[in-house]
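Residues per chain, in single letters:
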Amino acid sequence: MDFITTLTEVTGNIAGMAWGIPSIVLLVGTGLYLTIRLRMVQVRGFKHAINLIRGKYDKPDDPGEVTHFQALSTALSATIGTGNIAGVATAIAFGGPGAVFWMWVTALVGMASKYTSCTLALKYRITHPDGSVSGGPMYTLSLGFSEKLGMKRTGAVLGFLFALFTLIASFGIGNMVQANSVMDGLTFIYPDAGKYKLFMGVILAIGVGLVIIGGIKRIAKVASRIVPFMAIAYCLAALAILVLNASAIPEAFSTIFNLALNPAAAGGGAIGAAIQYGVARGVFSNESGLGSAPMAHAAARTKEPVREGLVAMMGPFIDTIIICTMTALVIVIMGAWGDARPEELKGAALSAYAFQQALGSFGAWVVGFGLMFFAYSTIIAWSYYGDRSAEYLFGEKAVLPYRIIYTVLVVIGAWIPLNLVWNLADIANIFMAAPNLISLIVLSGVVAKLSDDYFERYDQVD
């Protein structure tokens, strides 16, 4: 374990540097730039996006493999995961309640980033002879840079780097973090579960393998059933706690804003920690700027790239503004932070502790089962992102070996220490985000033109 301890410390230092001020400015700054460049698309396209999700404009004959709702469900199943339970708790444990404010910031500006990246994914996706499609930032970079700037070689290199980092990141953010957080939550509920980590990891891995072998259609089908159920069930439990403690909600919001923006109240470097952990965990939760969701949304059945961009931008809103906020409020209201937080509780176990304080053992079990559903859906969705990257890098022959390796790593993720897993995920995330953010800035004019054309034609439809 000495090696594991040393590796945890080293990766922790690297992750801290990776998520320093430059990275935070790049992520949030890109989202803010796109918000301005696209004239607050988050606001003016909000109602239309809801109608698209409802299937109002679905056309079965359009090219693609899945509906708008199924594409969103697949993307949400990758984002509505342990980030909503473990990620929020980790942000509060290390950055204080003020970190929640910065999670909100990443979500609000991230809606513009998600809209841009998914609109581009539809524009530059490729359709295979069998009717299946491939898309995502690697195609946006390689094809978009060539078409828009005549920089074919530069686009190809950036596309290669994105696919490579995504392949690596899929093993962390989409796989081992999820399996690890399941064990963290279950161990809090049932301490002896720690003795059966390998066994639980094998069971989870078998469940994952049975789905991901079927590709995007099976993943989307499973996700579109699991995501609404798990999100509603978890939110109802959190909402019950908030209703029972409604009088404490205003004070909880005040605490969050005060510790995020008031140096005198936060003290020392607390605001810096709040920003760092808030942005890092916010990006982990809603994945805005990473470039993962465009790979799922690229499979949507539509001829209008903007439509899928609008559907996609609802992801950060649902994931972070709604679900993460509920978790955060429960933790803050129940006083499960600061000196009142048991020192050993940092991730999913902290959320389980807060729910237990409110609802007794039932609350802890809600978090435990919520984690199982959240993590499972996230793992199967991220397998698709990884196998699209494997296909891009090595061809179709690499997809099956990738899926086998991916399934095996579920077992390993359930076993290794929590901090090491999060550190590896954070490092992979920032390297993955860098080439994607470049494409969003460089090709924002393409999206602005597509948006203006679409809204001119459909501005009166809703």
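Nothing here was measured: the structure is a model prediction, and the numbers come from that model.

S.K.: Explain the overall build of the protein chain here, please?
M.R.: Along the backbone of the protein chain there are 21 helices and two strands. Burial statistics for the protein chain: of 462 residues in total, 60% are counted as buried. Expressed as a percentage of contacts within the protein chain between residues at least 6 apart in sequence, the contacts between residues at least 24 apart total 86%. Carbon together with sulfur atoms contributes 66% to the accessible area of the protein chain, which is approximately 17,600 Å² in total.

S.K.: Got a minute to help me understand the nonpolar core in this structure?
M.R.: Soluble globular proteins tend to pack their nonpolar side chains together in the buried interior. Counting residues in hydrophobic clusters, the biggest one holds 134 residues, and the most contacted among them are Tyr115, Leu310, Phe355 and Tyr406. A per-element tally of this core places helix α16 (residues 305-333) first, with 15 residues. Setting aside chain neighbours within four positions, we find tyrosine 115 in contact with Leu38, Val41, Val306, Gly309, Leu310, Met313, Val447, Ser451 and Phe455.

S.K.: Teacher, can you tell me more about a nonpolar patch on the surface here?
M.R.: Together, Leu26, Tyr33, Leu149, Met151, Ile438, Ile441 and Val442 line one region of the surface with nonpolar side chains, adding up to about 520 Å² of accessible area. Those elements giving two or more residues to the nonpolar patch turn out to be α2 (21-37) and α20 (418-442). Among the elements that line the nonpolar patch, the one with the most residues is α20, at three residues. Relative to the helices and strands, valine 442 is located in helix α20.

S.K.: I would appreciate a short explanation of the packing of helix α7 (residues 98-123) against helix α21 (residues 444-458) in the present structure.
M.R.: Think of two packed helices as two axes; the pair is described by the angle between the axes and how far apart they sit. The interhelical angle for the contact between α7 and α21, taken along N-to-C directions, is 85 degrees, at an axis separation of 10 Å. Considered as vectors, α7 and α21 are oriented roughly perpendicular to each other. Where α7 abuts α21, its residues Tyr115, Thr116, Thr119, Leu120 and Lys123 lie against Val446, Val447, Leu450, Ser451 and Phe455. Split by residue class, the contact of α7 with α21 holds six nonpolar, three polar and one charged.

S.K.: Looking at this model, I keep getting lost on the packing of helix α8 (residues 137-149) against helix α18 (residues 361-394). Mind explaining?
M.R.: Viewed as axis vectors pointing N to C, α8 and α18 meet at an angle of 40 degrees, and their least axial separation amounts to 10 Å. Contact residues: Met138, Tyr139 and Ser142 in α8; Arg388, Ser389, Glu391 and Tyr392 in α18. The residue inventory of the contact of α8 with α18, partitioned by class, reads three nonpolar, two polar and two charged.

S.K.: Looking at this structure, how should I read the confidence of the model for the protein chain?
M.R.: Reading predicted coordinates in detail is not appropriate for stretches of low pLDDT. Looking at the protein chain as a whole, the pLDDT averages 82, with 87% of positions reaching at least 70. Mean pLDDT values for the elements of the protein chain range from 59 in helix α13 (residues 263-266) up to 93 in α7.

S.K.: Looking at this model, I keep getting lost on a positive patch on the surface. Mind explaining?
M.R.: Taken together, the side chains of Arg37, Lys123, Lys148 and Lys449 define a basic patch exposed on the protein surface. The topology assignment puts lysine 449 in helix α21. Lysine 449 sits in the exposed class, given a relative accessible area of 66%.

S.K.: In this structure, what is going on with helix α17 (residues 348-359)? I would like to understand it.
M.R.: Think of an α-helix as 3.6 residues a turn; residues three or four steps apart then line up on the same face. When the terminal C-alpha atoms of α17 are compared, their 16 Å separation across 12 residues agrees well with the 16 Å that a helix rising 1.5 Å per residue should span. Of the residues making up α17, those classed as buried are Ala348, Ala349, Leu350, Ser351, Ala352, Tyr353, Ala354 and Phe355. Positive backbone phi, at 70 degrees, marks glycine 360, one or two positions downstream of α17.

About the criteria used
Residues numbered from 1 in each chain as written. Predicted model: local features only at pLDDT ≥ 70, side-chain atom pairs only at ≥ 80, totals over all residues. Heavy atoms only, no water. Helix = DSSP H or I, 4+ residues; strand = E, 2+ residues; numbered from the N terminus. Buried < 20%, exposed > 50% of the residue type's maximum accessible area, 1.4 Å probe, protein only. Contact = heavy atoms within 4.5 Å. Areas by Shrake-Rupley, 256 points an atom, 1.4 Å probe, with all protein chains shown as cover. Core = buried A, V, L, I, M, F, W, Y, C linked by side-chain atoms within 4.5 Å. Patch = residues over 30% accessible without salt bridge, like charges linked within 9 Å, V, L, I, M, F, W, Y side chains within 5 Å. Salt bridge = Lys/Arg side-chain N within 4 Å of Asp/Glu carboxyl O. Axes fitted to C-alpha atoms, helices over the stretch in contact; angles between N-to-C directions. Parallel < 35°, antiparallel > 145°, perpendicular 65-115°, else oblique. Nonpolar A, V, L, I, M, F, W, Y, C, P; charged D, E, K, R; others polar. pLDDT = per-residue confidence, 0-100. Lys, Arg positive; Asp, Glu negative; His and termini not counted. Charge placed at Lys NZ, Arg CZ, Asp CG, Glu CD. Expected span 1.5 Å × (residues − 1).

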